[in-house]
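Coordinates in review
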Amino acid sequence: MIQTHHHPSSTKGLSSLTTLLTTPTSSLLIDPPFLLPDALTTLTWITSLTPHPPTAIFLTHHHPDHFFSANPILSAFPSAKFYASPYVCTRINNEYDEKIKYWRSVLGEELVPAMPRRPEPYPFSFFVLGGKEDEEEVVVVLLGPVQGDCVDQTVFWIPGAKTVVAGDVVFGRSGHVWVEELESPALLEAWLKTLDMIEQLHPVKIIPGHMEAGWELNAEADLAHTRRYLRLFGEKVTYAPEKLGVREFIIDANSVLYCTSKQSPHLHDSKKYMLNLLRR
Ligand SMILES: [Zn+2]
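Since the model is a prediction, treat every value here as computed from it, not as a measurement. (Residues numbered from 1 in each chain as written. Predicted model: local features only at pLDDT ≥ 70, side-chain atom pairs only at ≥ 80, totals over all residues.)

Moving on, we come to the overall build of the protein. The helix and strand tally for the protein stands at seven helices and 11 strands. Relative to its length of 280 residues, the protein is compact, with a C-alpha radius of gyration of 18 Å against a globular reference of 19 Å. Principal axes of the C-alpha set define a box for the protein whose edges measure 60 × 45 × 35 Å. Within the span of the protein, comprising 280 residues, buried residues form 46% of the whole. (Helix = DSSP H or I, 4+ residues; strand = E, 2+ residues; numbered from the N terminus. Rg over C-alpha atoms; globule rule 2.2 N^0.38 Å. Buried ≥ 20, exposed ≤ 12 C-beta atoms within 10 Å, placed from the backbone.)

The next thing to look at is unusual backbone geometry. The omega angle of the peptide bond from Gly144 to Pro145 is 0°, so this bond is cis rather than trans. Following the sequence through the fold, Pro145 ends up in strand β8 (residues 137-146). Even without being glycine, Ser15 reaches a positive phi, approximately 55°. Positionally, Ser15 belongs in the loop between β1 (3-8) and β2 (17-23). Positive phi outside glycine occurs at Asp31, with the angle close to 65°. Among the structural elements, Asp31 can be located in the loop between β3 (26-30) and α1 (36-49).

So, about the UniProt feature "domain: Metallo-beta-lactamase" (unreviewed entry) in the protein. Here, UniProt's "domain: Metallo-beta-lactamase" (unreviewed entry) annotation points to residues 15-210. What you have in residues 15-210 is 30% helix and 30% strand, and the ends, taken at the C-alpha atoms, are 5 Å apart. (UniProt positions renumbered as here; feature names shortened; annotations may be inferred.)

Glancing now at the sheet that holds strand β7 (residues 126-130). Pairing between sheet strands relies on hydrogen bonds along the backbone, with the strands arranged either parallel or antiparallel. Taken together, five strands build an open sheet; the order of strands is β7-β8-β9-β10-β11 and the sheet is mixed. The two strands at the open ends of the sheet, each matched to only one other strand, are β7 and β11 (205-210). This sheet shows a mean twist of 25° between the axes of neighbouring strands, independent of strand direction. Looking at chain direction, β7 and β8 are connected through five bridges and run antiparallel. Among the inter-strand pairings, Gly130 is bridged to a residue of β8, identified as Glu137. (Pairing = 2+ DSSP bridges. Axes fitted to C-alpha atoms, helices over the stretch in contact; angles between N-to-C directions.)

So, on to the sheet that holds strand β4 (residues 54-58). Ordered in space as β1-β2-β3-β4-β5-β6, the six strands form an open sheet in which the pairing is mixed. Two strands bound the open sheet, and with one partner strand each, they are β1 and β6 (120-121). Both β4 and strand β5 (residues 81-84) contribute to a ladder of three bridges, which runs parallel. Bridge assignment links Ala56 to a residue of β5, and that residue is Lys81. In the packing of α1 onto the sheet, the strands contacted are β1, β2 and β3, and the crossing angle to β2 comes to about 20°. (Contact = placed C-beta atoms within 7 Å.)

Here it is in structure tokens:
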């Protein structure tokens, strides 16, 4: 019997979601938070849900908002393996020094560790959890590399719970989708195809890469939100004769998609954060 849980980071931590899988004898964590204060909250959340330290901590992709503050969690659970697919590790290693320098200067040295721990390559397509005593084993399937807000996403599929941990392939409907790296029609189409693939798994639950606190997961609505946003990006940027810049697109998307909806205040915050994050 497996259960899946998710925990949103603060809005300053970009509302990235950390996922915890629990069985009666084990647990597994996916995507630690970006910022140190969120890691401490996440630690309390983990220990409130399971007495079993995570067997492993996995990452969905190389972006700092999905692993930079793993340090306190790894220190609290020294037996936990720290893993990511080899193609994720490569990207982390390529950008490591530059990203640390950048984020510590933007957000402050008290929020971002000086030396975020780096995951070891996990060159396999599934992970088996549980299976102690008479407990049934739980298989976690790693699907990747697939396209999301960058080219190196791993989607985690837990058939026993019909749950997808989507990373930044699916964005919760509380916010904008990160489109800064979507630089060609091929990347846009590949991302849309990845959404089709997830839908074909017929998940009952999708845990997106980002979702603000206070929002309920909704597999269908979050998939639809991500698709709609990407199609709008295709229309206004990728395939437009006169392309908007990403910055202009975000402002435009805010008014086109959300102006009249109850999501407006959340989207306004999300827009603000997105604009701050764009390369300067
Ligand atoms: Zn992210």
